[in-house]
Amino acid sequence: MPAPRFETVIGLEVHAQLVTKSKVFCSCPSIYGAEPNTMVCPVCLGLPGALPVLNREAVSMAILMGLATHCRIAPRGVFARKNYFYPDCPKNYQISMYDKPLCEEGFIEFELEGETRRISLERIHLEEDAGKLVHGGDGGSLVDFNRCGVPLIEIVSKPEICSPEEASKYLVTLRQLLRYLDICDGNMEEGSLRCDVNISLRKPGGALGTKTEIKNLNSFKAVEMGIRFEIERQAGILGSGGRIEQVTNLWDSAQKRLLTMRSKEYAHDYRYFPEPDLLPLDVGVEWIEQMEAKLPELPLEREKRFRDKLGLSAYDASVLCAEKVVADFFEEALKSGDDPKQVANWIMRDVMEKVNAGQIVFGRVNGTPLLRVISPTQPGAAEIIPPIEPGHFAGVVRVVANNTISSSAGREIFNAMVKSGGGPAEKYVESLGLKQESDSGALEKWVEEAIAASPDEVARYKAGKTQLLGFFVGQVMKKSAGKANPKLTGEIVKKKLEG
Amino acid sequence: MTDLLQYSIEGLQGLYRGHKASVREVMQSYLDSIARREPSIKAFLQVFGESALKEAAALDAKGFDGRSLYGVPMAIKDNLCTRGIPTTCASKILEGYRPPYNATVVDRLRAAGAVIIGKTNLDEFAMGSSCENSAYQITRNPWNEAYAPGGSSGGSAAAVAADMALASLGSDTGGSIRQPASLCGVVGLKGTYGRVSRYGLVAFASSLDQIGPFARDVRDCALLMEAIAGHDEHDATTIPEPSPDLHSALEKGFDGLRIAFPSDLGKWEMDASVKDIATRTIDDLARGSAPAAGVTLPGMEMSIATYYILANAEASSNLARYDGVKYGLRTSSKSLADMYDETRGAGFGEEVKRRILLGTYVLSSGYYDAYYAKAQQVKALICAQFEELFTKHDLILLPTSPTPAFKLGERLADPITMYLSDIFTTPANIAGLPAISVPAGLAPNGLPIGMQLIAGWGREAKLMRGAFGLERIYHFRERFVRVAGSEGGRDAGA
């Protein structure tokens, strides 16, 4: 832990790949994982004479993020060239934005340890991604230019983050927003979301200290650990009277450590100047209004509505709202009028369990949220088993709620859907023969049999060990192959043993 | 048989329409002309004899179809990308590079029916005013082979002047079409910035570069411009308008146009022969229907400095991509840094290196405000002054180059003098205005001199009318180009 006599000052620069259909300055598809150098053209390869043409979809997405983070959308953004030599950058300059970014002065809010925290954003700008170097075993290096020109937004926070936990929460919130807006898939391992950290220590209330940078952070864990290590390193130097050098630390994900690079090795003069191949980007009021209309309800507002209007607990609301598709599925399932609390419980318990087990995934068809069933034999082919629609799922909750079947039978139906696909719950009740037995004659017969078969337990129950009620209900459930209405069964057991 | 080299574009098309000549015959005449003149002129980096004849035969087979450039033999500057065909920019660093795509103008020329017979020499990456900065060869001025053709589009100018192509394309960043046009006695046009797509033009200075035509006369020049101009979805800086009609109103000439000339011409260093022709032109206009008014030309004091800051800054960035990683020259080096240094060290010539260094310097942190930012402010000022001037006048008349052609080698050791030869041409680039050079007469040593017109933004139609008016004053071809295409076929007698 850092020496308590220092305050930590952290700023984050987050790069998010936008999920546009084509790249930001050409019409090449913007997809991950293709054969190297197949998704390229003269423009994204920076061939002599090729010129960039702006993809408006990327601008729309950047504006959306700006609106969602309460930024001012600049009436005129100016693209600039950032000049540096590196083999993954085919023009040896990156088209970015410099002194006139698209969005300025916003903020992001989140809850941390019961408090609402607000971190200011300095800017959000649009730029192009670079390619990837593949270092071969023979000492040679190869370049894959597929990623060149994939649109990125860079989201720069002000240095207002105070701890590794807060940095992590900030990043989680940012990712959640990006996914809510459906503009970035937020996959840190695949690099569609990347985070650079600036960090410095100072005496409480004192002037800002010298900052250092951490790059290459490829997971939330890495961000937290990297920051923690760097705080320790800086505190150690300052504590022993040393001075902090302006260095860049690279996160080594294999060894889980920071590699410190000398400042000189990273001293760049990027020689920014306005990109002459692109006109200034004039975002009119109309465009902003169009994007405002597309802005979905954001996670914090939605959580509040789930609490206030649906009566969910704060915890339940935040779990359901973590991913937009989950919250959408939840609300879609509610449309048949079932109890929100019960639907929420089913999602958080049964659905999440199967999702975590990799048997189903949340997805969408034509915008409608649903659960895709993963085929155990062909895990790649999520489409071959009919998906579980919100209505199917709500049906399961309903037949349990109205006592048609027991909750364990309900779970059985859901398990069956996860295996063989969605459908009306009633159909599964029929085909699995799960209709709950609520006929008191039948139930009484089973209860009497259970009592007769367990004289010891009867004696102990009568001696006051009433917790054994569950044992008798269990026996009846066994005899009825799970069909007995447990509530009614319990009442009958009680009546017989106590009455 | 008639000399097929003497026909203008419309003349040739008359022959095609009347079945008096085939495209193949015309093409062969030009290839024969190349065979006679090219060994000493060296205007071409590549000649496509075989493919030109093949394309000609295909056009003949289809017959004349009325396309504006049907069967016109053309040369293009070797900084225009041609699919599968080497595009060198006269640089060692692009030796052997074959682009996978065509420049928009190349596609448009082909679509209009032109046949490209070769790619022409230039100053490396279009940086220079003499064509001597080519890494491959020195092009000679067809009027006197001891002299430079001008630059950077010297090969394209010389090819037209020597009748090795009926017309050609060049690029103009600070005068690279108009100056060689002036020095070679042909018409050279740079349109409004954004009039012609730059897609596939290997960039020198993106905010200044424009592709434009060389032709023997103003009408041909107008037809060529019409064929290549107009919005292109691949170039975001093109004007979102279709190609303008430039040829139908040419005959109106100066009628109703308000001409201005710089009243302080005497202030600028220039050859007496150039000053003489400028003065005579102004007198001619005064006697005619379009008396010219003396004005102060915007940007003259600052244009060279402004131009060389902006152009070199952009060049330093545009030329960063030539690093040995992807295409062109790569030295075998020990490390990545060595590969960059050695490839660029070996691949670029002296002038290119000088400009990359200057451009890198003016963009460096600490110098940006004093140079690049200041130059942008001056540019805005020059634009505003031109705009103001063009509310009262339609055209500005001034010399194209302060001197006629200079001797090869004469200015190589003195880059400043070389840069100063752009003094009359750079203002139009800085302000993005259309400008044209029209052959006006000969210097006492028999070398041609051109006069320049600049028009307001987007006013190419007025510009071409004025150019046509000048052509009617000078009668340059009738007076000085006696027998087109024959050996040493220039009459130096003025």
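Remember, it's a predicted structure, so these values are computed and weren't measured experimentally.

Moving on, we get to the overall build of chain A. The helix and strand tally for chain A stands at 15 helices and 18 strands. Over its C-alpha atoms chain A spans a radius of gyration of 29 Å, topping by over 25% the 23 Å that the globule rule assigns to 499 residues. Judged by the C-alpha coordinates and their principal axes, chain A covers about 90 × 55 × 55 Å. In chain A, which comprises 499 residues, the proportion classed as buried is 42%.

What follows covers the sheet that holds strand β7 (residues 115-128) of chain A. Residue and element names in this part refer to chain A. In spatial order, the strands read β2-β6-β7-β10-β1-β11-β12-β13-β14; together these nine strands make up an open sheet with mixed pairing. Looking along the sheet, the strands with just one partner apiece sit at the ends: β2 (72-73) and β14 (257-261). Across seven bridges, the pairing between β7 and strand β10 (residues 151-157) is antiparallel. By the bridge assignment, Leu126 is partnered in β10 with Ile153. Set on the sheet, helix α1 (residues 56-68) makes contact with β2, β6 (103-112), β7 and β10; between it and β7 the angle comes to about 165°.

Attention shifts here to helix α9 (residues 303-318) of chain B. Taking 1.5 Å of rise per residue, 16 residues should cover 22 Å, and α9(B) covers 22 Å from first to last C-alpha, within 8% of that figure. Counting buried positions along α9(B) gives 15 out of 16 residues, so the element sits mostly inside the fold.

When two helices pack together, their arrangement is given by the angle between their axes and by how far apart the axes lie. Residue and element names in this part refer to chain A. For the pair helix α12 (residues 440-453) and helix α14 (residues 469-479), interaxial distance at closest approach is 9 Å and the crossing angle is 120°. Relative to α14, the element α12 is oriented oblique. You can see that α12 and α14 cross each other, and the crossing is right-handed. Here α12 contributes Trp446, Val447, Glu449 and Ala450 to the contact with α14, which in turn contributes Phe472, Gln475, Val476 and Lys479. Looking at the contact of α12 with α14 residue by residue, the class counts come to five nonpolar, one polar and two charged.

Turning next to the sheet that holds strand β15 (residues 273-274) of chain A. Residues and elements named next belong to chain A. Read across the open sheet, the three strands follow the order β5-β4-β15; overall the sheet is antiparallel. Lying at the two open borders of the sheet, with one neighbouring strand each, are β5 (93-97) and β15. Judged from the five bridges that link them, strand β4 (residues 79-83) and β5 form a sheet pairing that is antiparallel. Counterpart to Ala80 in the pairing with β5 is Ser96.

Definitions and limits used
All residue numbers here refer to positions counted from 1 along the written sequence of the relevant chain. All chains are assigned letters beginning at A, and all ligands numbers beginning at 1, according to the order in which they are written. Where totals are concerned, whole chains, interfaces and linings use all residues; where local detail is concerned, this predicted model gives features only for residues with pLDDT of at least 70, and gives and counts side-chain atom pairs only at 80 or more. Strands are runs of DSSP state E lasting at least 2 residues, helices are runs of H or I lasting at least 4, and numbering of each runs from the N terminus. Here the globule rule reads 2.2 Å times residues to the power 0.38, and the radius of gyration is calculated from C-alpha atoms. Any residue with 12 or fewer other C-beta atoms within 10 Å of its own C-beta is exposed, any with 20 or more is buried, and the rest are partly exposed; the C-beta atoms used are placed from the backbone. Here the rule is simple: two strands pair whenever DSSP picks up at least two bridges between them. Note that contacts rest on C-beta atoms placed from the backbone: two residues are in contact if these are within 7 Å. Axis definition: a line fitted to C-alpha atoms, over the contacting stretch in the case of helices. Angles run 0 to 180 degrees between N-to-C directions. The span one expects for a helix is its residue count, reduced by one, times 1.5 Å. Note on angle classes: values under 35 degrees are labelled roughly parallel, values over 145 roughly antiparallel, values of 65 to 115 roughly perpendicular, and the remainder oblique. Should the near helix be turned counterclockwise from the far one by less than a right angle, the crossing is left-handed, whereas a clockwise turn marks it as right-handed. Just so you know the grouping, Ala, Val, Leu, Ile, Met, Phe, Trp, Tyr, Cys and Pro go in nonpolar, Asp, Glu, Lys and Arg go in charged, and all remaining residues, Gly too, go in polar.

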